[in-house]
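Structural description and commentary
In case you want the letters, here they are:
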Amino acid sequence: MTTSSRQTKTRELTYSRTCNLCEAMCGIVIKHDGEKVLSIKGDKDDPFSKGYICPKATAL
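Below you will find a few notes about this structure.

The rules behind each value
- Residues numbered from 1 in each chain as written.
- Predicted model: local features only at pLDDT ≥ 70, side-chain atom pairs only at ≥ 80, totals over all residues.
- Heavy atoms only, no water.
- Helix = DSSP H or I, 4+ residues; strand = E, 2+ residues; numbered from the N terminus.
- Buried < 20%, exposed > 50% of the residue type's maximum accessible area, 1.4 Å probe, protein only.
- Pairing = 2+ DSSP bridges.
- Core = buried A, V, L, I, M, F, W, Y, C linked by side-chain atoms within 4.5 Å.
- Contact = heavy atoms within 4.5 Å.

Moving on to unusual backbone geometry. Positioned with a positive phi, M25 is a non-glycine residue whose angle comes to about 50 degrees. With respect to the helices and strands, the residue M25 is situated in the loop between β1 (12–18) and β2 (27–33). The phi dihedral of K50 is positive, around 50 degrees, even though this residue is not glycine. Judged by its relative accessible area of 62%, K50 is exposed.

In structure tokens form, the structure reads like this:
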């Protein structure tokens, strides 16, 4: 008896962007795999927000 497993290729990508939901303009890091967003976090390398994100960006 043989079983086959289907392997899917995952290509996790990371982008640094600025959130534009309000005037705070928090730096965010977005990780995604294709069209699926895996996480959105504060960008510690952003010179202005330094990893902090406002409640609006947190809600993303």
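Structure's up, so let's keep going.
In this section: the pairing of β2. As paired strands, β1 and β2 are joined by seven bridges and run antiparallel to one another. Each residue of the ladder has a partner; that of E12, found in β2, is D33. Pairing between β2 and strand β3 (residues 36–42): six bridges, direction antiparallel. By the bridge assignment for β3, K31 is matched with S39. Hairpin connection of β2 to β3: two residues between the antiparallel strands, including G34 at a positive phi of 70 degrees.

A few words now on the nonpolar core. If you look at the biggest cluster of nonpolar residues, it comprises seven residues: C19, C22, C26, I28, I53, C54 and A57. Contacts of I53, omitting those with residues within four sequence positions, involve C26, G27, I28, K41, G42 and T58.

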